[in-house]
Amino acid sequence: MRHVDTTLSYAQLLDQQDALASFRGEFYQKEGTIYLDGNSLGLLSKRAEKSLLSLLNSWKELGIDGWTLGENPWFYVSEQLGSSLAPLIGTASEEIIVTGSTTTNIHQAVATLYKPTAKRTKILADELTFPSDIYALQSQLRLKGYDPDEHLIRVKSTDGRILSEQAIIQAMTEDVALILLPSVLYRSGQILDMKLLTEEAHKRNIIIGFDLCHSIGAIPHELSEWGVDFAVWCHYKYLNAGPGAVAGLYMNKKHFGTMPGLGGWFGSKKEKQFDMEHMLTHAEHAGAYQIGTPHMLSLAPLLGSLELFQEATMGRLREKSLQLTRYMMDLIEIELSNYGFIIANPLEDHRRGGHVYLEHPEAARICKALKANQVIPDFRTPNGIRLAPVALYNSFENVHRAVQTLKTIMEKEQYKQFENTREVVA
Ligand SMILES: *Cc1c(COP(=O)(O)O)cnc(C)c1O
């Protein structure tokens, strides 16, 4: 085992050396609470609050003219945000549109790019992915008249945690038309090798897209360089834009000009939209894949939130995130070795996303005990505990104290005061 200093003063020393420490003060954090659930719902920042209030004010002051006047004319914001998001995913700005939700964006991307032929009908996904992605793929298959039981392939995992890139590549058979995979698995936090998978898919003429919900804002991406066809993501996890914030869609340039599978007037060329013609003249960039009027109040916090990413920069955030998760795993190995936890995320830096994933048979009630002690984890049924130390607002001291709290809960068996069942929202 590596030598690790387990003292609180060492955690405090790491905080003093942290170049990103000042960003903590940008966020609203409850006194005495350690928030480790930023991979489900990121915290509110003062910038996000400010951009939301400013948008409300533009409505108050400008009424209908807010669409074209003011600091951020609403008509253009969904496209303009592409330039702030581009560095996070490594694409051109015009390949990004802020719109819809992750799930509706999967519907849009698949409706647009899935073009089954007599010999290629299948969609490839995996058995560990987030259920909503699977539901969307199943309904897209049904809409085209295919039975999902037969035409949706889900690559199996051998251990229920990790996917093998080789197994995915083997499943890229000649009847596969489209692939959708997670960039980072929502439970184990495994990073899939997007570059390799894209290369292999393209060798076989298969369209490939990724769901970046658990990677955007946590790890860097080079989607353009890798040639990924499309991607979707939400903005309420690591991007801190609030519950139900408007989501993101990336469409590779090479698909510009492809008729949107799901048409709507906000996909129009801007200058044509108000001609009110019944023939859609769609935009020649990712904006074509918008559907209806943008949900401005759920989009506004992103304007402020993204400023923080521009200032912190993705490289520095990733470096600190790796340091935080490494430190957390080290402390867990030392302090909790007697209590039956399994560290179920990949241990190597290049395969580990932004959170630590523990498995334990009493996970549900351990999470309840953590919450009762003001440490906010994330339970995943049946036996998973996700702990996300977020580089923008968590400190090394947070990690130290959270592990100490967990140790006390196990030592004193405090979790036994709770039932080992999941809450309605977990
Ligand atoms: C969070 C998450 C979603 C959520 O989709 P919504 O449409 O925003 O509800 C979908 N897929 C993955 C992989 C997620 O992590």
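None of these values were measured; they are calculated from a predicted model. (Residues numbered from 1 in each chain as written. Predicted model: local features only at pLDDT ≥ 70, side-chain atom pairs only at ≥ 80, totals over all residues. Heavy atoms only, no water.)

### Details of the site of the ligand
In the vicinity of the ligand, the contacting residues are Ser101, Thr102, Thr103, Phe130, Asp133, Asp211, Cys213, His214, Tyr236 and Lys237. A distance of 3.4 Å separates an oxygen atom of the ligand from a polar backbone atom of Thr102. Within the contact set of the ligand, an oxygen atom lies 3.2 Å away from a side-chain nitrogen or oxygen of His214. When the ligand sits alone it has 380 Å² of accessible area, and the protein chains cover 86% of it. Residues of the shell around the ligand, tallied by class, amount to 3 nonpolar, 4 polar and 3 charged. (Near = heavy atom within 4 Å. Polar contact = N/O pair within 3.5 Å; in protein donor to acceptor, adjacent residues only side chain to side chain. Areas by Shrake-Rupley, 256 points an atom, 1.4 Å probe, with all protein chains shown as cover. Nonpolar A, V, L, I, M, F, W, Y, C, P; charged D, E, K, R; others polar.)

### Looking at the side chain of Ser78
Residue position: Ser78 is located in helix 3 (residues 74-89). Under the relative-accessibility criterion, Ser78 is labelled buried at 1%. If sequence neighbours within four positions are ignored, Ser78 has contacts with Ile97, Val98, Gln290, Pro294 and Leu299. (Helix = DSSP H or I, 4+ residues; strand = E, 2+ residues; numbered from the N terminus. Buried < 20%, exposed > 50% of the residue type's maximum accessible area, 1.4 Å probe, protein only. Contact = heavy atoms within 4.5 Å.)

### So, the domain arrangement of the protein
Taken domain by domain, the protein comprises domain 1 (8-31 + 313-417) and domain 2 (49-310). Between the C-alpha centres of domain 1 and domain 2 there is a distance of 29 Å. Of the residues lining the interface, 29 residues belong to domain 1; the matching set on domain 2 comes to 22 residues. By the criterion of area lost to domain 2, the three top residues of domain 1 are Met314, Arg351 and His355, representing 26% of everything that side buries. Taken together, the connections running from domain 1 to domain 2 amount to 1 salt bridge. For the salt bridge of Arg161 with Glu359, the shortest nitrogen-to-oxygen distance reads 2.7 Å. One can count 8 residue pairs in polar contact (both at pLDDT 80 or more) joining domain 1 with domain 2. (Domains from an automatic or database assignment. Buried area = accessible area lost by both parts, 1.4 Å probe. Salt bridge = Lys/Arg side-chain N within 4 Å of Asp/Glu carboxyl O.)

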